[in-house]
Every structure is written in structure tokens, then in C-alpha cells.
Amino acid sequence: MCGIVGAVAERNITAILLEGLKRLEYRGYDSAGVAVLTNDATLERMRRPGKVSELDAALAEHPLVGRLGIAHTRWATHGAPCERNAHPHFSGDIAVVHNGIIENHEALREQLKALGYVFTSDTDTEVIAHLLTHKLKDQPDLTVALKATVKELHGAYGLAVINARQPDRLVAARSGSPLVIGLGLGENFLASDQLALRQVTDRFMYLEEGDIAEIRRDSVQIWDITGKAVERQTVQYSDGAEAADKGEFRHYMLKEIHEQPAVVQRTLEGRLSDQQVLVQAFGPQAPELFAKVRNVQIVACGTSYHAGMVARYWLEELAGIPCQVEVASEFRYRKVVVQPDTLFVTISQSGETADTLAALRNAKELGFLASLAICNVGISSLVRESDLTLLTQAGREIGVASTKAFTTQLVGLLLLTLSLGQVRGTLGQGVEATLVEELRRLPTRLGEALAMDSTVEKIAELFAEKNHTLFLGRGAQFPVAMEGALKLKEISYIHAEAYPAGELKHGPLALVDNDMPVVTVAPNNELLEKLKSNLQEVRARGGELVVFADEKAGMTNGEGTHVVQMPHIHDILSPILYTIPLQLLSYYVAVLKGTDVDQPRNLAKSVTVE
Ligand code: F6R
């Protein structure tokens, strides 16, 4: 989503702001802007639609020099992505950048217009700028005026503000959109993600919900939601820097796909004993809480939701626990009936997805037994607000299309399944020991699947000219098919739909012809023969088939049927393995189509607005 960077220093900060924006560009990128207080105490800004490189080029022609400034990459919510709507927004002596959505912006806009304020953009953010200017009339101190302003805002915001009349400070407010202060020597910084500031510091202070911060060169003051002055802990951060580098790979997405054996290994580290999962990996209270669990409710969005759908098969089949899975944007607004002793599980790469966070907050009122977050970011809101946590160790994911986050989520969810089954004594004889062994072998199997890279690249040629694709799977492979379809549409813009293979004849078969390739995942399990019949139905209608099949499934190439042999794997782990060729397929199709693989159009990493 949008990104914020701010700085107050003794040196020119424009290059620091720009570098920060480049590092945040993966989050949101339809326009960018920077405002600095120049050395003659005037506010100047430069804004450009498009990538940060456009802003960079404009600044190379007309440099801005100053020691106090704010910058922003925007992902349009209110108003088209154009220069007029790009941040920072000005009002009088102040400049504002904003992440999030102000829900009462229309009412505020009318009030401010009636007071004579003139709007030059279609954004909700401009309302904040004018409201703040209005408050400054009564109370010239920027920090005090900001405190009064946020009281009138409904919605979500991470805000950074500078004032030409108070050149010594940058002020910030957080509610529903993360902000972090970067601490330097004689200079301080602000960003929506610490990655933006890794080039200037490794010491950070995370703002909490409702915090207001006043950041000067040599001091930081924070007030909490009640207005009380508070100290926030300083954290030294050493991980994540390497993720900002693509290394030998052409795209972050390809790098992240190839990192999967290593990050799955990392996700397992310290969580397995000889033959068991260590239940304490979920937190010291986990053994006691898990013993009480009788149901599981999983809530997530997008790719993370697909991981939850796979987990449902595991929880019911292996641990005998009823499980419901729902997308967060639906769950949060539904009147939910909660069964007694239900564990509420959220899954999220970022831990900042607005719908998932809101669902967690609602769940607290609904009488769930406890909440568990399976998340990739230890310092995220989701982790902070959950009772139990399992951190996936995927490392930073830069490509907008989620890959390694998904497979590590699946590993985390299998650990959860085995832990619940272990504590409740519901696992079959020897199941845990077998699956622990299989999990240990998983990184090697994933490496074998990745070795098929060039085979999948060749298959991708079948898709480059097509407009529609169908993905089929049965059982726990159905959510894998959904994830494959999501990847393809996200980065190649080809329309892709997923169906449980048995549903084909109930409607979608009507779509099948030789212009609609059908992709299928076919592990060697009890559904294989049924799946083979479904595939015959496709072939009989002239549909071209691409089948990722277990090497023991006895499937071979034929006319209009392209079979890619997959290494044999235990059926329970097959959703993790079969995800790999589908990720590679969408990647190579996108490369052939020449789309922006890492930053596909209209999308953003970490969706922090509703
Ligand atoms: C798809 C993708 C999204 C995210 C979704 C949830 O490739 O990345 O569908 O999975 O926006 O994000 P998190 O997992 O951060 O909550």
C-alpha cells in the first residue's frame, strides 16, 4: 500500500527520502512525491505520477535541498493516480502525507469548504491538511494542533506532517496504519516500514495504535492514545537488509520462489524434536490452551486465505478438529455464531492487512477461546494483538505476488495441526513421527521441484497468447489450484479460475475449448482415478491439458496433454510441493507477456486499507 518517509537532520535529506521511497515502492506505486523545507524556510514539493524513478528524474532537473522533509508513494484510493492527487498535500504552511483512509472525509470537506478552504485534489488526505491548518489558528503548536485534528478523524491513518513555521520537528500520528521512527545520531527519521530507513539506521521505535510523536533532530517524544507521555522501546534490527537485493535473479519473485527450500528449513528450525512438534513453539501457554480447543476458525485474505483452506483439510483429517475458513472482509461484517472452545487463527504475511486485523479485533468481543497469528512479521500489529503467535521465517517478501510466504504458512499450519492433534491425543498411530520425518525432507523435495524450472518455462509458452485458463484440483489440491489461478491473474493479467475438478461437469465445462488451457495438479492419492476421468472430460472437448502429476501416477504425455512429472511426496505435504510449479508457471507466463512481474498493475503489497 502507500509508503511514508520523513527526516529531520543537519544535512540535506532529499536523497535519503528518495532512497526510502525506492525501498518502499514495492508497497504502492502509482505516484510519488516529496516536500522539503528549503534553507530559506519555504515549503517546496515535487510530485509525479508513475514510478519513483519519474520523481527521481524530476528532482535531478530541479533539485530540492533542505533538512526537514516528508515523502510518499501512493496507491490510489480516493482520486485517480495523477500529480494533483499525489502526496504531500499542502495547506497554508503545512505539508501532510497519509497512509490509510479517512472515512468521514466528505463531511469534513463540506465543513472546511464552508470555512473558505479551497481543495485542489480529490483525496481524503487534503481534508487533514486543511483541518490541521484550521486548528493551528487557535493553537500554533503543531503537535498540539495535530492532537486536536486526529480527534476529528474517523478511519485509518499513518500521518507525517511538517510546518514551515516550526522547522525543528516532524510530527506523526498512527491509527490503523503502521509507523516507525528511525533513530540516528543528531538526526531522526520516520517511515511506514523500517526497510525504508535501513540505509541510515538500524535502531527503531515502533509507534503503537493512537500514538502521536514529535520527532526532532536530537529527541523523540511520544504520547499514547490517552494523551499520556510514554516511552516506546528501542529495537535494534539486523535482518531484512539482504532482501532488498535481487542477487543473481531477474525479479524478486523468482528469487523468492527459489528461496523456498531455505525458508521452509528456517520455519522448521527449533520447532521439531525427534518425532514430535514442539507445541511451545506457539507460545508458553500453547499446550494448556490447545488441550481445550474443540474447533478452529481461520480468517485471512488472498493467498493467506488459500493457506487456511489447505489447513482445513489437515485439521479435520489428521487432528479430527472441525474447522471453518473465511475471508476476513466477509467475516468481519457477518453475525458469527461462535462454537464453544474455538481457537481463532489469523494468517498473514504482513500482519498489517486491514481486514484481517479488524476481524481479529472483532473476534475479541465474540468469545473465542484464544487468538493465534501465523505471521511473517514479528513486529506487526497482528502479532502484537494476538494471544499466541507462530512466526513464519520467510524473510522479507518484496514481490507483490506472495510465494515463499504461502509455503511457510502451510508449514506453520501443518505444525499447528500436529500440535493440536498431539495435545488432544487425536492423531493416528505413528502419524506425527511420519510427518515430522517428511517435514525434515521437505526442503530437499522443494529443491527437486525447483529444478524443473526450465521445463515449466517451456510449458509457459502455451499460455502467453491465451486469455482464459482453468485450474483444477481435488481435495487439499483445490486451494492449491485457487492459489495457482490467483498467481496467474495477478502477474500475467490472464483470466484464471479454479474449480474442484468434480465440479467441472456442473457448469464450467461449457467454457472448455482449444483456446482455454486447463492446468491440473495430480498427486498420487485416492482421488487420482476420479481426477483422471475429469481430465478425459476436458480432452473430449478439445481442451489442452497441463498436468503436474506424481511420478508414480502413471500419467504420460499424449495429444493435447502435457504431463510434468513431480517428485513423489507424502500426500499430506503435496499441497506445499505442488505450489512450486504453479508459481513458476505464472512467473514465466508473465515474463513472456512482458508484464511488471514484481509490481503488477493496480496491486500493492500489504493492504492496509479496507
Ligand atoms: C497475493 C497476495 C495477496 C495477499 C493478501 C493478504 O499474491 O499477496 O492476496 O495474500 O493481500 O496479505 P497478508 O498475507 O499480508 O495478510
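For the structure, check the block above.
Quick caveat: nothing in here was measured; it's all calculated off a predicted structure. (Residues numbered from 1 in each chain as written. Predicted model: local features only at pLDDT ≥ 70, side-chain atom pairs only at ≥ 80, totals over all residues. Heavy atoms only, no water.)

Asks: Can you help me understand the pairing of strand 23 (residues 518-522) in this one?
Replies: Every other side chain in a regular strand lies on the same face of the sheet, so the side chains alternate between the two faces. Within strand 23, five of the five residues are buried, leaving the element largely enclosed by the surrounding structure. Covered by surrounding structure in strand 23 are V518, T520 and A522 together with V519 and V521, the residues of both alternating faces. Sheet topology places strand 21 (residues 468-473) next to strand 23; three bridges connect them, and they run parallel. Bridging from a neighbouring strand, F471 pairs with V519 of strand 23. Strand direction decides the pairing type here: strand 23 and strand 24 (residues 545-550), joined by five bridges, are parallel. Within strand 24, the residue paired with V518 across the bridge is L545. Running through helix 17 (residues 528-540), the crossover from strand 23 to the neighbouring parallel element strand 24 is right-handed. (Buried < 20%, exposed > 50% of the residue type's maximum accessible area, 1.4 Å probe, protein only. Helix = DSSP H or I, 4+ residues; strand = E, 2+ residues; numbered from the N terminus. Pairing = 2+ DSSP bridges. Right-handed = clockwise from strand over helix to strand, strands pointing away.)

Asks: Just to check I follow, could you spell out the side chain of S348 for this structure?
Replies: Position of S348 relative to the elements: it lies in strand 18 (residues 342-348). Judged by relative accessible area, S348 falls into the buried class, the value being 3%. If we ignore the near neighbours within four places in the chain, the residues touching S348 are S304, T353, I374, C375, N376, L382 and Q409. (Contact = heavy atoms within 4.5 Å.)

Asks: Before we go on, may I ask you to explain helix 14 (residues 431-450) in this structure?
Replies: Owing to its 3.6 residues per turn, the α-helix brings residues three or four apart onto one side. Between its first and last C-alpha atoms helix 14 spans 27 Å; for 20 residues at 1.5 Å apiece the expected length is 28 Å, and the two agree. Where helix 14 bends most, the angle comes to about 45 degrees, and this point is L442, followed within four residues by the proline P443. Residues of helix 14 that are buried: E432, L435, V436, E438, L439, L442, P443, L446, A449 and L450. (Expected span 1.5 Å × (residues − 1). Bend = angle between axes of the 7 residues up to and from the residue.)

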